[in-house]
Amino acid sequence: MSVGDFQAMLPLVALGAAAVAVMLAISIRRSHRACALLAALGLAAALALLPVAAAGAPRQIGAMLTIDHFALYYMGLILSAALAVVMISQPYLAHCKPGVMAEEYYMLVLLATLGASVLPASSHFASFLLGLEILSVSLFAMIAYRREQAASLEAGIKYLVLAGLSSALLVFGMALVYAGRGTMNLGELAGGSGGGMLPAAGMAIMTVGIGFKLAVAPFQFWTPDVYQGSPAPVAAFISTVSKGAIFALLVRYFWRMNSGTAFPGCDHATGWKACATAGAVFWTFAAIAVASMITGNLLALRQSNIKRILAYSSIAHMGYLLVAFLAAGELAAVAVGVYLAAYFVAKIGAFGVVAALTGPRGEAVDVVGDYRGLAWRRPWLAAVMTAMLLSLAGLPLTAGFVGKFYVLAAGAGGGLWALAVILILNSAVGLFYYLRVISEMFRPAEDADVASEASSVQSRSTPWPTAAALCLLSAALVGIGVYPQPLLALIGRLP
């Protein structure tokens, strides 16, 4: 490995070193605060090293990794999200029952972040699968980390089974593609064609496997139960880091397909949509997008648990993102980058409020009725939750509005009028269940039939790490919503 290669991989090296440092610290002396601090410092160091890596980009590291500005942008999103999750997790896990070791949790977060960071830079099936498995195996343990809670264990087992199934499908699909094309390099696969039915069958099976990972319809059925049973910070991690990393890989792969000759007549001017309309690829993704938007929003209307509402809304948001993905072209690339940034901020902020309201003994406060009167007891938390939900709904002056505007513009620019109309109609449906939660928070406390336990939990002060994370997320949400030019300029420089 050359010095330039090492420089390009510095953020990944920092993450690996931080995980080892946390492991060594645990072996010397157990300290929850020290491990949380080490994890936060490791993530901050990896973030600080991104400009250093960018100075040497683009860089091809063997056949496995491509470290370019595209990969580094999505690494930045992933690292920022993981840092916010660590800040929210420290107070959340501080009240674990004796016997539940909180320290190893931070090593798992760092390893999961390392696996997720590898995905946007992957240029080979081997690095893709390696990053995905590091991410998935760490998530099994994170989801079931509160093992004294039956719901957490149940969620961990469900995720283990579904993630194992999706990994098996991915490996089988990769084997078929390799048998037909004789390569596992993503660039060569995107830039060529042929091989008969085997690659087509392999890609179809891989689409199912990725569908499970992204939790898009009709592969979304595991999502609500896993989100509800997971600790709130872990649910935030799954809904953002896990999905964002896989989506970034999809965009990279299809960008290459767009500029290559995977389909006759495919070029930058028309986008891969024009090529794929001759086949089934475009319509398959279009059907998944529509099914995800409708299924996520309609099922969210029936939920009374806020974690399940956020789970179903994440399914709908993946459908929105697929509209930009299908539109292709430069505007679609900007739309995906902006939308994922806005989605990360709002989702982590919403789950951060849920984590802040969790009781001192880990009592969940995640039923919509539990939030009744929150604005009168803890107005600051209610204001943050309101801003995050309005951003997810895509209302003006929030980051979500900018993201949704660009997705619609990309859809219209790509001629996807039907998908754009379906997106607008589904956004209107989504607004209803977000407003239902907001209205509960602002109902007068004296009229509320609030349970005494939930009321006492709502009256506690917010720990400073959670408060700091929510302040930063709120600032990012409003900053992107009011002045998005710096973010747009950054994304515009991506290849």
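Just so you know, these numbers come straight off a predicted model, no measurement behind them.

Scoring rules and cut-offs
- Residues numbered from 1 in each chain as written.
- Predicted model: local features only at pLDDT ≥ 70, side-chain atom pairs only at ≥ 80, totals over all residues.
- Heavy atoms only, no water.
- Helix = DSSP H or I, 4+ residues; strand = E, 2+ residues; numbered from the N terminus.
- Contact = heavy atoms within 4.5 Å.
- Buried < 20%, exposed > 50% of the residue type's maximum accessible area, 1.4 Å probe, protein only.
- Core = buried A, V, L, I, M, F, W, Y, C linked by side-chain atoms within 4.5 Å.
- Phe/Tyr/Trp six-rings, centres within 6.5 Å; stacked < 30°, edge-to-face > 60°.
- Salt bridge = Lys/Arg side-chain N within 4 Å of Asp/Glu carboxyl O.
- Axes fitted to C-alpha atoms, helices over the stretch in contact; angles between N-to-C directions.
- Parallel < 35°, antiparallel > 145°, perpendicular 65-115°, else oblique.
- Polar contact = N/O pair within 3.5 Å; in protein donor to acceptor, adjacent residues only side chain to side chain.
- Patch = residues over 30% accessible without salt bridge, like charges linked within 9 Å, V, L, I, M, F, W, Y side chains within 5 Å.
- Areas by Shrake-Rupley, 256 points an atom, 1.4 Å probe, with all protein chains shown as cover.
- pLDDT = per-residue confidence, 0-100.
- Expected span 1.5 Å × (residues − 1).
- Arc of directions from axis to C-beta.
- Left-handed = near helix turned anticlockwise from the far one by under 90°.
- Nonpolar A, V, L, I, M, F, W, Y, C, P; charged D, E, K, R; others polar.

A. Summary view of the overall build of the protein chain. Across its full length, the protein chain carries 23 helices and 2 strands. Long-range contacts, defined here as pairs at least 24 residues apart, represent 78% of the contacts in the protein chain between residues at least 6 apart.

B. View of the environment of glutamate 363. Following the sequence through the fold, glutamate 363 ends up in the loop between α16 (329-356) and α17 (374-377). The buried category is assigned to glutamate 363, whose relative accessible area is 17%. Here the alpha-carbon distance between glutamate 363 and glutamine 149, two residues 214 residues apart in the chain, equals 10.0 Å.

C. Here's a closer look at the nonpolar core. If you look at the biggest cluster of nonpolar residues, it comprises 176 residues, and the most contacted ones within it are Tyr105, Phe128, Met142, Phe237, Phe247 and Met385. The contact partners of phenylalanine 247, leaving out residues within four places of it in the chain, are Leu214, Met318, Leu321, Leu322, Phe325 and Val336.

D. Representation of the packing of aromatic side chains. If you walk through the whole model with that rule in mind, you get 15 aromatic pairs. For the ring pair phenylalanine 282 and tryptophan 283, a centre distance of 5.0 Å and an interplane angle of 80° mean the geometry is edge-to-face. For phenylalanine 282, a relative accessible area of 4% translates into the label buried. Taken together, the ring pairs in this structure connect Phe70, Tyr73 and Tyr74 into an aromatic cluster.

E. Focus on the pattern of salt bridges. As enumerated under the stated definition, the model contains 9 salt bridges in all. Across the salt bridge formed by lysine 158 and glutamate 154, the nearest N and O atoms sit 2.9 Å from each other. Here lysine 158 and its partner glutamate 154 are both found in helix α8 (residues 150-181), 4 residues apart, which amounts to about one turn of the helix. Given a relative accessible area of 43%, glutamate 154 falls into the partly exposed group. Ionic pairing is found between aspartate 225 and arginine 308, a salt bridge with its closest N-O pair at 2.9 Å. One end of the pair, aspartate 225, is in helix α11 (residues 223-229); the other, arginine 308, is in helix α15 (residues 306-327), and 83 residues separate them in sequence. Residue aspartate 225 is classed as partly exposed on the basis of its relative accessible area of 30%.

F. Main features of the packing of helix α2 (residues 10-28) against helix α3 (residues 32-48). With their axes 8 Å apart at the nearest point, α2 and α3 run at an angle of 170° to one another. In terms of orientation, α2 and α3 fall into the roughly antiparallel class. Across the interface between the two elements, Pro11, Ala14, Leu15, Ala18, Ala21, Val22, Ala25 and Ile26 of α2 pack against Cys35, Leu38, Ala39, Gly42, Leu43 and Ala46 of α3.

G. View of the environment of leucine 139. Mapped onto the elements of the fold, leucine 139 is located in helix α7 (residues 125-143). Expressed as a C-alpha distance, the spacing of leucine 139 and leucine 111, which sit 28 residues apart in the sequence, is 9.4 Å. For leucine 139, the contacting residues outside a window of four places in its chain are Tyr159, Phe237, Ile238 and Ser242.

H. Inspection of the side chain of serine 239 at higher detail. Here serine 239 shows up in helix α12 (residues 232-259). The exposure class assigned to serine 239 is buried, which follows from its relative accessible area of 0%. Side-chain polar atoms of serine 239 contact the backbone oxygen of alanine 236, separated by 3.1 Å. Beyond its immediate sequence surroundings of up to four residues, serine 239 is in contact with Tyr227, Tyr343, Lys347 and Phe351.

I. Highlighting a nonpolar patch on the surface. A contiguous nonpolar patch, built from Ile294, Leu298, Leu301 and Phe432 and spanning about 350 Å² of accessible area, is present on the exposed surface. Of note, phenylalanine 432 is situated in helix α20 (residues 417-441). With a relative accessible area of 51%, phenylalanine 432 lands in the exposed category.

J. Molecular detail of the confidence of the model for the protein chain. Looking at the protein chain as a whole, its pLDDT mean stands at 87, while 89% of the residues score no less than 70. Low pLDDT, under 50, characterises residues 260-269; the stretch is placed with 25 contacts to residues that sit more than four places away or in other chains.

K. Looking closely at unusual backbone geometry. The omega torsion across alanine 57 and proline 58 is 0°, close enough to zero to call that bond cis. Along the polypeptide, proline 58 turns up in the loop between α4 (50-55) and β1 (59-61). A cis amide bond links alanine 217 to the next residue, proline 218, at an omega of 5°. Inspection of the secondary structure puts proline 218 in the loop between α10 (197-214) and α11. Even without glycine at this site, leucine 397 takes up a positive phi of about 70°. Take leucine 397: it is sitting in the loop between α18 (379-393) and α19 (399-413).

L. Highlighting helix α14 (residues 281-300). With 20 residues, α14 extends 28 Å between its outermost C-alpha atoms, agreeing within 8% with the 28 Å of an ideal straight helix rising 1.5 Å per residue. Every buried residue belonging to α14 is among Phe282, Phe285, Ala286, Ile288, Ala289, Ser292, Met293, Gly296, Asn297 and Ala300, and all of these are buried. Down the axis of α14, the buried set is contained in an arc of 160°. They therefore lie on one face.

M. Spatial organisation of the environment of methionine 206. Mapped onto the secondary structure, methionine 206 falls in helix α10. Those residues in contact with methionine 206 that sit more than four places away from it in its chain are Phe125, Phe128, Leu170, Gly173, Met174 and Val177.

N. Fine view of the side chain of serine 138. With respect to the helices and strands, the residue serine 138 is situated in helix α7. On the basis of relative accessibility, which here comes to 5%, the residue serine 138 falls in the buried class. With residues up to four places along the chain from it excluded, the contact list for serine 138 reads Leu108, Leu111 and Ala112.

O. Main features of the packing of α16 against helix α22 (residues 464-482). Direction vectors running N to C along α16 and α22 enclose 150°, while the axes themselves pass 10 Å from each other. Between α16 and α22, the crossing angle belongs to the class labelled roughly antiparallel. Both α16 and α22 take part in a crossing whose hand is left-handed. Counted together, Val345, Ala346, Ile348, Gly349, Gly352, Val353 and Ala356 of α16 and Thr466, Leu470, Leu473, Ala476 and Leu477 of α22 form the full contact between these two elements. Here the contact of α16 with α22 is built from residues that sort into 9 nonpolar, 3 polar and no charged.

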